[in-house]
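The lines below spell out each chain.
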Amino acid sequence: MTFTSRARAALILPTLHTWLEHQGSIRTAAQRLHIHANTLRYRLTKIEQTVGVNLADPGIRLVLALQLKALAPA
C-alpha cells in the first residue's frame, strides 16, 4: 500500500462517520469536515466503489452506522 492509498484509507472512516452522523447532509457534513461539498461527494463515491455498497440504501446506512458505533472507543 502506497502512502497515497494509506492516506486515502485514513479518510474513509471519519468521512463516513461524519456524513452518517449528520443524516446524509452533504452541506453540514462537509462543513464539519472543513472540506468542499464536492470533495465530500467525491469521497462518498469512492467509498461506494471501494466497499461495494450503495449509500442511498437506508438499510446499508443503518448497518454502517451501527458498525461504526461498535468500532468507537467506549
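All values reported here derive from a predicted model rather than from experimental measurement.

Novice: Mind showing me how you'd approach the environment of alanine 70 here?
Specialist: Looking at the secondary structure, you find alanine 70 in helix α4 (residues 58-71). For alanine 70, a relative accessible area of 66% corresponds to the exposed category. C-alpha separation for the pair alanine 70 and valine 53, spaced 17 residues apart in sequence, amounts to 19 Å.

Novice: Looking at this structure, how should I read unusual backbone geometry?
Specialist: Excluding glycine, a negative phi dihedral is what most residues carry, and trans is how most peptide bonds are arranged. One non-glycine residue, glutamine 23, lies in positive phi territory at about 50 degrees. Within the secondary structure, glutamine 23 is located in the loop between α1 (3-21) and α2 (26-33). Classification of glutamine 23 as exposed rests on a relative accessible area of 71%. Positive phi values are uncommon outside glycine, yet histidine 34 reaches one of about 60 degrees. Along the chain, the position of histidine 34 falls in the loop between α2 and α3 (37-51). According to the relative accessible area criterion, histidine 34 is exposed, its value standing at 73%.

What counts and what doesn't
Residues numbered from 1 in each chain as written. Predicted model: local features only at pLDDT ≥ 70, side-chain atom pairs only at ≥ 80, totals over all residues. Heavy atoms only, no water. Helix = DSSP H or I, 4+ residues; strand = E, 2+ residues; numbered from the N terminus. Buried < 20%, exposed > 50% of the residue type's maximum accessible area, 1.4 Å probe, protein only.

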